[in-house]
Amino acid sequence: MKVVAFNGSPHKEGNTYHAIKMVAEELENKDIETEIIQVGNKEIRGCLACNKCVKNQNEKCIIDDQVNDWIQKMKAADGIIIGSPVHYAAIAGTMKSFLDRAFYVTSVNGMMLRHKVGAPVAAVRRSGGLPTFNQLSNYLNYSEMMMPTSNYWSVIHGTSPGEAEKDEEGRQIMRVLGKNMAYLMQVMKNAEGEVEAPAKERKKLMNFIR
């Protein structure tokens with residue numbers, strides 16, 4: 001099994017990276033391969049709201065950049081980690097541009113990530129970690145992904161790169177998240193052919209008007 005993790009920090013080895021690595025170490029202890037992809041220092045445009053991905057149904061965004069390659073990595077993976085630093089109590093801008101485009105494409109092209117295991121991770125200096133964690137979780141929830149939990153919200157604290165390693169509670173949170181993610185992935189793998197998965201339903205869209 002394989003997990004692909006997306007580091008939304010502009011810093012390649014900042015605290016978001018260290019948080020992801022903590023989770024990844026537990027996955028690798030269970031022979032689950034993890035690939036970390038650096039997103040936060042790339043030039044990524046936001047969604048154009050053109051709906052060409054809906055019309056074309058080719059699993060691609062009309063903006064031809066590395067996002068399309070990452071979408072295919074997400075499709076091929078068994079699990080996905082999305083990590084971001086906190087900018088103004090929210091997801092970092094470049095990461096959000098990636099998430100908006102990638103998760104829209106995967107959702108409107110047959111719910112490509114449905115029933116994959118997905119985990120959100122946030123790294124924060126002081127405040128705003130929980131709003132960012134919730135925002136990251138929204139992408140996973142909307143995609144019908146399976147979300148492992150930890151013994152607290154998966155937020156870790158630190159300012160300078162690597163300082164998160166000193167957050168003992170945060171380190172435990174990431175370890176527990178990694179263990180639970182590995183467990184959930186293994187349970188789902190073992191259930192294949194034994195437990196019938198629920199059928200996918202066509203999404204209903206409504207506007208509430210008078």
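Residues numbered from 1 in each chain as written. Predicted model: local features only at pLDDT ≥ 70, side-chain atom pairs only at ≥ 80, totals over all residues. Heavy atoms only, no water.

Under an unreviewed UniProt entry, the name given to the protein is Multimeric flavodoxin WrbA, and the source organism is Halanaerobium saccharolyticum.

Engineer: Pulling in residues and values, what's your account of the side chain of S154?
Structural biologist: For S154, the position within the fold is in the loop between helix 5 (129-142) and strand 5 (155-157). Residues within four places of S154 in sequence aside, it is in contact with P120, V121, A122, F133, I173, M174 and L177. (Helix = DSSP H or I, 4+ residues; strand = E, 2+ residues; numbered from the N terminus. Contact = heavy atoms within 4.5 Å.)

Engineer: I'd like to hear about helix 1 (residues 15-29), residue by residue, with values.
Structural biologist: The terminal C-alpha atoms of helix 1 lie 21 Å apart, and with 15 residues this matches the ideal 21 Å at 1.5 Å per residue to within 8%. Within helix 1 the residues assigned to the buried category are N15, T16, Y17, H18, A19, I20, M22, V23, A24, E26 and L27. Structurally, helix 1 contributes buried residues whose contacts are with strand 1 (2-7), strand 2 (33-38), strand 3 (79-85), strand 4 (117-124), strand 5 and helix 6 (168-191). Backbone geometry just after helix 1 places D31 at a positive phi near 65 degrees. (Expected span 1.5 Å × (residues − 1). Buried < 20%, exposed > 50% of the residue type's maximum accessible area, 1.4 Å probe, protein only.)

Engineer: An account of the UniProt feature "domain: NADPH-dependent FMN reductase-like" (unreviewed entry) in the protein is needed here, citing residue identities and associated values.
Structural biologist: UniProt's feature table lists "domain: NADPH-dependent FMN reductase-like" (unreviewed entry) at residues 1-158, given in the numbering used throughout. Between the end C-alpha atoms of residues 1-158 the distance is 31 Å, and the span holds 39% helix and 19% strand. (UniProt positions renumbered as here; feature names shortened; annotations may be inferred.)

Engineer: How would you sum up a negative patch on the surface? Please name residues and give values.
Structural biologist: Taken together, E25, E28, E33 and E165 make up a surface patch of like negative charges. Its location among the elements puts E33 in strand 2. (Patch = residues over 30% accessible without salt bridge, like charges linked within 9 Å, V, L, I, M, F, W, Y side chains within 5 Å. Areas by Shrake-Rupley, 256 points an atom, 1.4 Å probe, with all protein chains shown as cover. Salt bridge = Lys/Arg side-chain N within 4 Å of Asp/Glu carboxyl O. Lys, Arg positive; Asp, Glu negative; His and termini not counted. Charge placed at Lys NZ, Arg CZ, Asp CG, Glu CD.)

Engineer: Would you mind going over the pairing of strand 2 in detail, with residue names and values included?
Structural biologist: Note: strand 1 against strand 2, six bridges, orientation parallel. By the bridge assignment for strand 2, F6 is matched with I37. With helix 1 bridging strand 1 and the parallel strand 2, this β-α-β connection has right-handed handedness. (Pairing = 2+ DSSP bridges. Right-handed = clockwise from strand over helix to strand, strands pointing away.)

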